There are 2 protein chains.
Amino acid sequence: MAHNMHPEETERRILDSARRLFAEKGYEKTSIQDILNDLGLSKGGLYHHFKSKEAILDQLNADEWAVTARLLDELIGRKDMSALEKLRALIISAVDAPDHLDLVRSQLALLKDPAFFTANMRFWSTRLPESFRSLIDMGVQDGSIPTTYPEEAAQLLALLGNYWLMPCFYPADHADMEHRIRCLATMLDAIGVPVFDETLIPRVAEGLTALTHEGEAVSA
Amino acid sequence: MAHNMHPEETERRILDSARRLFAEKGYEKTSIQDILNDLGLSKGGLYHHFKSKEAILDQLNADEWAVTARLLDELIGRKDMSALEKLRALIISAVDAPDHLDLVRSQLALLKDPAFFTANMRFWSTRLPESFRSLIDMGVQDGSIPTTYPEEAAQLLALLGNYWLMPCFYPADHADMEHRIRCLATMLDAIGVPVFDETLIPRVAEGLTALTHEGEAVSA
């Protein structure tokens, strides 16, 4: 292999190839050698960046999260919004993000794979609720999220927002989706987390329907 | 192998061995040969019962479901209970079942495996909600479950009851568990599904805490 002048470029190419192969063949059935063949890369060239196939999978998951984490940090620092408004902004960004729509779509295709799906579910039940929790605690403080269930709300926002609302897991047309989000809104209102209002409901329904608009259902 | 006089006994032995090996080594890493070695069985003796490793996994899942399905059929036929009371009886049976506690515990250990976990999540998002849906529709008819979200309630009962409430996925001591169920009760009341009342809440909290009492957390 030619001397690598652009290590970041190589890393990106490895991740793109792995994402595509994992989605096509499944994570278990894809070998490091398949990725090397796809890229015409040497073993050393890959291991310089990733010490295992699992490390590639972890990075693919981390990439998806990084977009949200950056926005969350930015939002937490703002003084001109209530915590509830920040939580709304975070949700809108997740469904209304043309800049990382391709990334989200390729992640959705990967969710067909049991290893990837399981890793995502673990992330949604552990790390993601912690992030929601910090915003909800701020909302309890500033009075915009008057809940006695901050932990439960954080867990449910992460689980239901990433799994139950997704038409690839629970098929839905636009009308079903709006009905589903209205159901979630009613339930969250009841526990003091009035995050889905009449502005947000149609916008999230629109965004989620568009997200899987062209894709087929994930049979995970 | 000696002529098999007890095919059902052989099938049960295969399932018991597979359940244990899948839980210990993981589904992917367990081979048909491992199961044969464990039982001292011939290839033909196993393939007579199951045509693939996947067929064994499917049967393990079906076994867990069969217990609930039998009770559901029985409940649906009864004339002396409202649909809401039937739904409560179904929930109590799921958490308060010493007769199949060992089966439930061994299934919980299996949930560490990505293939098994993914198959269960698929079941909880597709077939299980259909069963809850039939009871909820009866409740809309007899007035005991006055909801405009029958499909959403069926999906959420299946997902949250089997996943979010489980301390192996979302760690909880007894007090956390009661708080979590109270949260779910408040949300379901708000969408017209008042299934968790003051009798059911402590009973379900008790049952779920006992279920994973001796077991360690599943790191799925």
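All figures in this text were calculated on a predicted structure; none of them were measured in a lab. (Residues numbered from 1 in each chain as written. Chains lettered and ligands numbered in written order. Predicted model: local features only at pLDDT ≥ 70, side-chain atom pairs only at ≥ 80, totals over all residues. Heavy atoms only, no water.)

Draft legend 1. Inspection of the relation of the copies chain A and chain B at higher detail. Of the transformation superimposing chain A on chain B, the axial component is 0.0 Å and the angular component is 180°, with the fit at an RMSD of 0.0 Å. In the structure described here, the two chain copies are related by an operation that fits a two-fold rotation axis. Proximity to the rotation axis, assessed at the C-alpha, singles out M187(A) in chain A; its C-alpha lies 2.2 Å from the axis. The residues that chain A uses at the interface reappear at the interface of chain B in 100% of cases, marking a shared surface. (Least-squares fit on C-alpha atoms with pLDDT ≥ 70 in both. Contact = heavy atoms within 4.5 Å.)

Draft legend 2. Seen up close, the pattern of salt bridges. Enumeration over the complete set of coordinates arrives at 24 salt bridges over all chains. Residues R133(B) and D137(B) are paired through a salt bridge, measuring 2.9 Å at the closest nitrogen-oxygen approach. Taken together, the positions of R133(B) and D137(B), both in helix α8 (residues 127-142) and four residues apart, correspond to about one turn of that helix. Among the ionic pairs, E151(B) bridges to R133(B), the shortest N-O distance being 2.7 Å. One end of the pair, E151(B), is in helix α9 (residues 150-164); the other, R133(B), is in helix α8, and 18 residues separate them in sequence. The network of salt bridges with shared partners includes E9(A), R12(A), D16(A) and R19(A). (Salt bridge = Lys/Arg side-chain N within 4 Å of Asp/Glu carboxyl O. Helix = DSSP H or I, 4+ residues; strand = E, 2+ residues; numbered from the N terminus.)

Draft legend 3. Just empty space enclosed by the protein, in detail. Going through the model one piece at a time under the given rule, you end up with two cavities of 30 Å³ or more. One number sums up the size of the largest cavity: a volume of about 610 Å³. Contributing to the lining of the largest cavity are 31 residues, with E64(A), A94(A), L128(A), G161(A) and N162(A) lying nearest its centre. Broken down by secondary-structure element, the contributors of at least two residues to the lining of the largest cavity are α4 (53-77), α5 (83-95), α6 (101-110), α7 (114-125), α8 (127-142), α9 (150-164) and α11 (200-211) of chain A. Residue contributions to the lining of the largest cavity peak at five residues, all from α4(A). Reported here for the second largest cavity is a volume of approximately 30 Å³. Along its surface, the second largest cavity is lined by E28(A), P114(A), A115(A), E28(B), P114(B) and A115(B). When contributions to the lining of the second largest cavity are tallied by element, the ones reaching two or more residues are α7 of chain A together with α7 (114-125) of chain B. Here the lining of the second largest cavity is built from residues that sort into four nonpolar, no polar and two charged. (1 Å grid on protein atoms, 1.4 Å probe; cavity = no way out; pocket = protein on both sides within 12 Å on 5 of 7 lines; lining within 4 Å. Points joined across faces, edges and corners; volume = space filled by probe spheres on them. Nonpolar A, V, L, I, M, F, W, Y, C, P; charged D, E, K, R; others polar.)

Draft legend 4. Representation of the UniProt feature "domain: HTH tetR-type" (unreviewed entry) in chain A within the structure. Within the UniProt annotation, "domain: HTH tetR-type" (unreviewed entry) is assigned to residues 8-68 of chain A. Along residues 8-68 of chain A, the helical share is 77% and the strand share 0%, with 21 Å between the first and last C-alpha atoms. (UniProt positions renumbered as here; feature names shortened; annotations may be inferred.)

Draft legend 5. Highlighting the UniProt feature "DNA-binding region" (unreviewed entry) in chain A. According to UniProt, the "DNA-binding region" (unreviewed entry) feature falls on residues 31-50 of chain A. In this annotation, residues 31-50 of chain A is assigned 65% helix and 0% strand; the end-to-end C-alpha distance for the span is 13 Å.

Draft legend 6. Spatial organisation of the environment of E28(B). One can find E28(B) in the loop between α1 (7-25) and α2 (32-39). Between the alpha carbons of E28(B) and K53(B) there is a distance of 9.6 Å; along the sequence they are 25 residues apart. Every residue in contact with E28(B), bar those within four places of it in the chain, is listed here: E28(A), K53(B) and D113(B).

Draft legend 7. Up close: the side chain of Q155(A). With respect to the secondary-structure elements, Q155(A) resides in helix α9. Among all residues touching Q155(A), those that are not within four sequence positions of it are P129(A), W164(B), Y170(B) and R180(B).

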